Amino acid sequence: MAEYNRSLRGSTSNSNSKADHTAQPLDKYKCGSCGKTVKDTDKSLECEICLFWHHIKCEDVSEDTYKWLEKTSNAGGIHWYCKKCNNSVAKMISSIACLERRQNETDEKLDRLDAKVVDIGKSVANNAEALGKMGGGLERITDKIGEAQKEIYDRDRRKCNIVIFGVDESSSSDGQTRKEADTVFMHKLARKLDTDTEKVKQVVRLGKRVEPKTGDDGTEFVSRPRPVRVTLDDVQSKQGLMKNLNRLAGPEDEFSKISVSNDMTQMERLHNNEKLKEAKDQNEKNMEKNYKFVVKGPSWDKKVVKVRLEPK
């Protein structure tokens, strides 16, 4: 709660001395609502955000409320904001709550991965004697633990990345020119998916460059464009972009041939390929024409699910 003694203008606690306020700008003593000077005799409140004093009438604060605030100003935990700042505080609290929720979801995923490593470690400890008789068994389990730890690190390193397939590649021999062309394309895609272009931190082609070919009309083109790995500023930006991928379902030629996926680790790619093959095999055996099997789920937990086909 703000201090109500006008001799302590601009203060936010009873511990501030009168001398502390001699250097305060004169504008601080003008009402943040009407712009008129706030006198010592005026009934006014100091906003804890903008630090301006406001006449209680300008802020529609009743006499009863004002008196109550005076009595409880030293109680602690009581805060007062002007109308303008109160709206900003509400939005800020909402944004912070949203960020905390997303962070908690990410932490839960990492905790599950860590739990798997812990479970393996417990299994090794509980069966150390038996593994010693197996000859090399303990070493193999230790290697598995090391691989699991590396997998966790690799997933964390790629958590802000996406990989885009099917993006036309510039035939220019100048690397900087090719990079600029890819960056321009990515910025267009980001805007299409309602993502701030400032969140795009790095755009890189993966693999060895293939020399361009010359078409019948004499123009050069790259027949097999390399995938593009894009690094975004944070996980939230990546999740927002991936959530809006359904916007690419339109007929735009510029984006109609591309596909976007998470930047998977080698273990995740192997698991994904296994699930794709499983879905393909089940579709070949499937006799129900109004259903098909597809692979869904996060990159670390892909599953084959049965979905209904939309009627044509």
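Our subject is the structure that appears above.
The rules we used
Residues numbered from 1 in each chain as written. Predicted model: local features only at pLDDT ≥ 70, side-chain atom pairs only at ≥ 80, totals over all residues. Heavy atoms only, no water. Helix = DSSP H or I, 4+ residues; strand = E, 2+ residues; numbered from the N terminus. Expected span 1.5 Å × (residues − 1). Buried < 20%, exposed > 50% of the residue type's maximum accessible area, 1.4 Å probe, protein only. Arc of directions from axis to C-beta. Pairing = 2+ DSSP bridges. Patch = residues over 30% accessible without salt bridge, like charges linked within 9 Å, V, L, I, M, F, W, Y side chains within 5 Å. Areas by Shrake-Rupley, 256 points an atom, 1.4 Å probe, with all protein chains shown as cover. Salt bridge = Lys/Arg side-chain N within 4 Å of Asp/Glu carboxyl O. Lys, Arg positive; Asp, Glu negative; His and termini not counted. Charge placed at Lys NZ, Arg CZ, Asp CG, Glu CD. Phe/Tyr/Trp six-rings, centres within 6.5 Å; stacked < 30°, edge-to-face > 60°. Lys NZ or Arg CZ within 6 Å of the ring centre and 35° of its normal. Axes fitted to C-alpha atoms, helices over the stretch in contact; angles between N-to-C directions. 1 Å grid on protein atoms, 1.4 Å probe; cavity = no way out; pocket = protein on both sides within 12 Å on 5 of 7 lines; lining within 4 Å. Points joined across faces, edges and corners; volume = space filled by probe spheres on them. Nonpolar A, V, L, I, M, F, W, Y, C, P; charged D, E, K, R; others polar. Contact = heavy atoms within 4.5 Å. Core = buried A, V, L, I, M, F, W, Y, C linked by side-chain atoms within 4.5 Å.

Participant: Help me understand helix α7 (residues 266-285) in this model?
Facilitator: Because an α-helix completes one turn every 3.6 residues, residues spaced three or four positions apart along the sequence face the same direction. In this model, α7 (20 residues) spans 29 Å end to end at C-alpha, consistent with the 28 Å of a helix rising 1.5 Å per residue. When we look at burial in α7, the residues that qualify are E268, N272, K275 and A279. Buried residues in α7, looked at end-on, bunch into an arc of 65 degrees, giving them a common side. Those residues of α7 that are exposed and aimed more than 90 degrees away from the buried face are Q266, L270, E274, K277, K280, E284 and K285.

Participant: Hey, could you run me through the pairing of strand β10 (residues 303-308) in this one?
Facilitator: Put simply, side chains in a regular strand alternate between the two faces of the sheet. The sheet contact formed by strand β9 (residues 291-296) and β10 spans six bridges and is antiparallel. Counted as the bridge partner of K296 is K303 from β10. What sits between β9 and β10 in their antiparallel hairpin is a turn of six residues, with G297 showing a positive phi close to 110 degrees.

Participant: Can you help me understand a negative patch on the surface in this one?
Facilitator: A grouping of E105, D107, E108, D111 and D114 is seen on the molecular surface, where their side chains present a negatively charged patch. Within the secondary structure, D107 is located in helix α2 (residues 83-126). Exposure remark for D107: the relative accessible area of 30% places this residue in the partly exposed category.

Participant: How do you make sense of the packing of aromatic side chains when you look at a structure like this?
Facilitator: Aromatic ring pairs: the centre-centre distance and the angle between the two ring planes describe each pair. Within the structure shown, the criterion is met by one aromatic pair. Above the face of the Y291 ring, K306 is positioned so that its terminal group lies 4.7 Å from the ring centre.

Participant: Even after reading the chapter, I still don't get the sheet that holds strand β3 (residues 161-165), so can you show me in this structure?
Facilitator: Hydrogen bonds along the backbone pair up the strands of a sheet, which may run parallel or antiparallel. As summarised here, the arrangement of the four strands in space is β4-β7-β3-β8, forming an open sheet in which the pairing is antiparallel. Whereas interior strands pair on both sides, the edge strands pair on one side only; in this sheet they are β4 (200-205) and β8 (259-262). Adjacent strand axes in the sheet meet at a mean angle of 25 degrees, parallel and antiparallel pairs treated alike. Here β4 pairs with strand β7 (residues 228-232) via five bridges, running antiparallel. Residue V200 lies in a different strand from β7, and its bridge partner there is L232.

Participant: Would you mind showing me how to read the layout of surface pockets here?
Facilitator: Of the pockets and cavities examined, the largest pocket occupies roughly 710 Å³. For the largest pocket, the lining is made up of 28 residues, of which K238, N262, P298, S299 and W300 are closest to its centre. Contributions of two or more residues to the lining of the largest pocket are made by α2, α4 (137-157), α6 (235-243), β8, α7 and β9. Here the residues of the lining of the largest pocket sort into eleven nonpolar, seven polar and ten charged. Of the pockets and cavities examined, the second largest pocket occupies roughly 260 Å³. Taken together, 15 residues make up the lining of the second largest pocket; nearest its centre are L113, K116, E151, R155 and M267. At the level of elements, α2, α4 and α7 are the ones that each hand at least two residues to the lining of the second largest pocket. Here the lining of the second largest pocket takes six residues from α4, the largest share from any one element. Looking at the lining of the second largest pocket residue by residue, the class counts come to seven nonpolar, two polar and six charged.

Participant: In this structure, what is going on with the side chain of R226? I would like to understand it.
Facilitator: Take R226: it is sitting in the loop between β6 (220-221) and β7. Those residues within four positions of R226 in sequence are excluded, and the remaining contacts are E169, R178, R205, L206, G207, K208 and R209.

Participant: Is there a simple way to explain the nonpolar core in this structure?
Facilitator: Counting residues in hydrophobic clusters, the biggest one holds 18 residues, and the most contacted among them are I162, I164, M186, L189, V230 and I258. Mapped by element, the contributors of at least two residues to this core are β3, α5 (175-192), β4 and β7. Sort the elements by how many residues they give to this core and α5 lands first, with four residues. With sequence-adjacent residues up to four places away left out, I162 is seen in contact with M186, V228, R229, V230, L232, K238, L241, M242, V260, S261 and D263. C47, I56, V61 and W80 belong to the second largest nonpolar core, which has nine residues in total.

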